[in-house]
Amino acid sequence: MTAGASSRSPAGPEHADLAQRLADVAAVIREEAAVIDRDATFPENGMSAIRKQGLLGLLVPAEYGGLGGWLPEFVDAAVVLAGECLSTALIWAMHCQQAATIARHATPRLRQDLLPRIAGGEVYIASVTSEKGKGGHLLTAQAPLRRAGGMLEIDRDAPIVTGGQHADGFLITMRDDVSAPASAVSLVYADRAELTVSAAGSWDPLGMRGTHSVGLRINGQVAGHNLVGLPGEFREVAVATFAPVGHIGWAACWLGAARAALHRVIELLRAPAGRRQFDLRSELLRTRLARARLDLDTVAAMIAQCVRDVCAAPDLEAIPVQLRLNALKVLAAERCFAVADLLIEVTGLRHGYLRDAPLGLERVFRDLRSASLNYANDRLLLANGALALLDRGVTLAY
Ligand SMILES: Cc1cc2nc3c(=O)[nH]c(=O)nc-3n(C[C@H](O)[C@H](O)[C@H](O)COP(=O)(O)OP(=O)(O)OC[C@H]3O[C@@H](n4cnc5c(N)ncnc54)[C@H](O)[C@@H]3O)c2cc1C
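Residues numbered from 1 in each chain as written. Predicted model: local features only at pLDDT ≥ 70, side-chain atom pairs only at ≥ 80, totals over all residues. Heavy atoms only, no water.

Peer 1: Looking at this structure, how should I read the layout of surface pockets?
Peer 2: To find leftover empty space, a probe the size of one water molecule is rolled over the atoms. Estimated volume of the largest pocket: approximately 1,000 Å³. In terms of lining residues, the largest pocket is bounded by 45 residues, among which Gly136, Trp250, Asn374, Tyr375 and Ala376 are the most central. Secondary-structure elements contributing two or more residues to the lining of the largest pocket are helix H4 (86–105), strand S3 (151–161), helix H6 (234–270), helix H9 (319–353), helix H10 (361–369) and helix H11 (377–390). A per-class count over the lining of the largest pocket returns 24 nonpolar, 16 polar and five charged. In this model, the second largest pocket occupies a volume close to 450 Å³. Lining the second largest pocket are 26 residues, and of these Ala33, Ala34, Pro358, Gly360 and Arg363 sit closest to its centre. Of all the secondary structure elements, the ones that give two or more residues to the lining of the second largest pocket are helix H1 (15–39), helix H3 (71–84), H6 and H10. (1 Å grid on protein atoms, 1.4 Å probe; cavity = no way out; pocket = protein on both sides within 12 Å on 5 of 7 lines; lining within 4 Å. Points joined across faces, edges and corners; volume = space filled by probe spheres on them. Helix = DSSP H or I, 4+ residues; strand = E, 2+ residues; numbered from the N terminus. Nonpolar A, V, L, I, M, F, W, Y, C, P; charged D, E, K, R; others polar.)

Peer 1: Teacher, can you tell me more about the pattern of salt bridges here?
Peer 2: Close approach of charged atoms allows side chains of opposite charge to pair. One pass over the structure, following the stated rule, counts 17 salt bridges. The closest approach of N and O atoms between Arg324 and Asp309, which form a salt bridge, is 2.6 Å. Taken together, the residues Arg324 in helix H9 and Asp309 in helix H8 (residues 283–312) connect sequence positions 15 residues apart. The same class applies to Arg324 and to Asp309, which are both buried. (Salt bridge = Lys/Arg side-chain N within 4 Å of Asp/Glu carboxyl O. Buried < 20%, exposed > 50% of the residue type's maximum accessible area, 1.4 Å probe, protein only.)

Peer 1: What is the right way to read the site of the ligand from this model?
Peer 2: Around the ligand, the surrounding shell holds 19 residues, and the nearest of these are Ser127, Ser130, Thr162, Asp378 and Arg379. A distance of 2.8 Å is found between an oxygen atom of the ligand and a side-chain nitrogen or oxygen belonging to Asp378. When the ligand is considered free in solution it has 940 Å² of accessible area, and contact with the protein chains removes 69% of it. Elements with a minimum of two residues in the shell around the ligand: strand S1 (125–128), S3 and H11. For the shell around the ligand, the leading source of residues is H11, giving three residues. Of the residues assigned to the shell around the ligand, the class counts are nine nonpolar, eight polar and two charged. In this structure, the shell around the ligand is formed jointly by two domains, domain 2 (126–228) and domain 3 (234–390), each of which donates at least three residues. (Near = heavy atom within 4 Å. Polar contact = N/O pair within 3.5 Å; in protein donor to acceptor, adjacent residues only side chain to side chain. Areas by Shrake-Rupley, 256 points an atom, 1.4 Å probe, with all protein chains shown as cover. Domains from an automatic or database assignment.)

Peer 1: Please explain the domain arrangement of the protein as it appears in this structure.
Peer 2: For interface size, the figure often reported is the accessible area lost on association. Split by domain assignment, the protein resolves into domain 1 (15–124), domain 2 (126–228) and domain 3 (234–390). Computed over C-alpha atoms, the centres of domain 1 and domain 3 are 21 Å apart. The interface of domain 1 with domain 3 comprises 26 residues on the first partner and 28 residues on the second. Carbon and sulfur atoms supply 71% of the area that domain 1 and domain 3 bury against each other, a total of about 2,200 Å² over both sides. If you sort the residues of domain 1 by the area they bury against domain 3, Leu71, Leu86 and Gln97 come out on top, with a joint share of 26%. Applying the counting rule to domain 1 against domain 3 returns two salt bridges. Salt-bridge contacts for Arg366 lead to Asp37; the nearest nitrogen and oxygen are separated by 2.8 Å. (Contact = heavy atoms within 4.5 Å. Buried area = accessible area lost by both parts, 1.4 Å probe.)

Peer 1: What exactly am I supposed to notice about the environment of Leu328 here?
Peer 2: Here Leu328 lies in helix H9. For the pair Leu328 and Val123, spaced 205 residues apart in the sequence, the C-alpha separation amounts to 29 Å. Discounting residues that sit within four places of it in the chain, Leu328 has contacts with His247, Ile248, Ala251, Val299, Met302, Ile303 and Cys306.

Peer 1: Quick question: what am I supposed to make of the sheet that holds strand S7 (residues 214–223) here?
Peer 2: Across a sheet, paired strands are connected by hydrogen bonds in the backbone, their directions being either parallel or antiparallel. Pairing is antiparallel in the open sheet, where four strands are placed in the order S2-S3-S7-S6. In this open sheet, the two edge strands, each paired with only one partner strand, are strand S2 (146–148) and strand S6 (195–199). Going from strand to strand, the sheet's axes swing by 15 degrees on average, the running direction of each strand aside. When S6 meets S7, the two strands line up antiparallel, connected through five bridges. Bridging across to S7, Ser198 finds its partner in Arg217. (Pairing = 2+ DSSP bridges. Axes fitted to C-alpha atoms, helices over the stretch in contact; angles between N-to-C directions.)

Laid out in structure tokens, this is it:
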């Protein structure tokens with residue numbers, strides 16, 4: 001299945017080329033999805049396939065050896081991968097968020113060193129923004145950077161890091177200095193080889209089990225040019241790239257998982273055995289399917305609008321754009337989970353609720369339950385409430 005959600009980036013990969021790479025990866029991650037969910041382990045085979053197919057470099061510009069894609073290709077790819085395994089897709093999408101941030105905000109020296117290695121499949125980057133005490137709040141940090149002889153010293157607790165034990169590098173938010181306020185956040189890149197990384201805690205969650213999002217303790221020293229964006233000014237990077245790419249990527253992953261679930265349900269209903277078991281003329285069944293479709297179309301439309309906003313807008317600080325990017329995350333988290341819930345209702349206990357049912361709805365339901373927590377919806381709603389008061393003209397995109 002291809003999403004076909006959006007027009008392609010002029011410098012990006014050819015549609016057929018990307019589709020082939022995705023098909024190769026999809027076959028591998030489909031194979032391993034149930035096992036990594038059962039065992040709560042990292043998708044080793046899926047990540048190898050992603051590396052081999054160049055997808056770590058989807059958002060790396062072609063001049064650095066990457067595929068040169070941007071948000072339209074990112075959304076298409078996320079929808080396809082998440083249709084097979086949401087955990088693997090989210091690991092990959094979060095890596096792409098880090099890669100795009102480096103491509104757009106890193107120093108020339110870091111770009112030259114790192115981007116070709118990402119494009120070559122050598123470097124998978126994990127994200128470290130959450131911190132004990134401040135929870136998920138993106139625009140504050142507690143652990144301070146220390147500077148010594150041109151080097152940056154990192155000593156950071158990281159309570160939940162997707163794929164952290166398997167990452168080749170980390171993009172980490174830090175308080176800019178011991179004397180800086182919590183709002184002066186700096187973003188730093190570190191190769192794993194420069195760090196001591198120790199696991200702190202276990203990973204046995206309800207869903208997204210294959211993300212293997214363990215707690216880590218991270219210490220080490222990196223060169224001064226590993227600072228991404230200006231010192232203490234992570235907010236600018238977050239507004240311009242980190243948050244938009246993150247929200248669009250997450251939403252596309254959640255949409256992909258829910259869309260594939262609806263696809264499987266429709267196939268079941270239309271198959272001869274399904275036609276015998278379900279009454280396709282039932283008004284209740286049709287109304288439920290219509291609701292599921294309505295939710296998916298709404299999320300897809302909102303993704304497409306946000307992609308247009310980010311591709312077109314010179315100023316992502318614009319309040320209506322901020323409102324939509326935050327709303328996208330909340331909407332996708334709520335509605336994609338609602339679709340998974342509804343599809344279990346449609347198909348019933350045997351097809352929908354049992355762990356070993358071929359439809360796999362039980363796993364999608366558990367996985368999508370995490371969406372509202374993966375950067376708390378409440379935080380974004382609170383921010384949007386304040387922004388809505390400022391947009392007195394109620395500027396909508398239609
Ligand atoms: C599958 C998954 C993968 C993740 N991967 C990573 C990762 O790779 N790297 C990383 O750094 N983090 C990661 N996270 C962490 C995630 O983004 C959150 O930061 C983390 O879940 C902490 O959230 P929390 O609910 O514990 O705390 P908080 O975000 O602090 O929220 C706690 C509760 O309080 C409410 N709340 C807190 N503050 C406010 C406020 N100001 N206004 C309104 N409500 C508020 C929230 O609604 C929430 O219900 C991941 C999370 C998930 C689920």
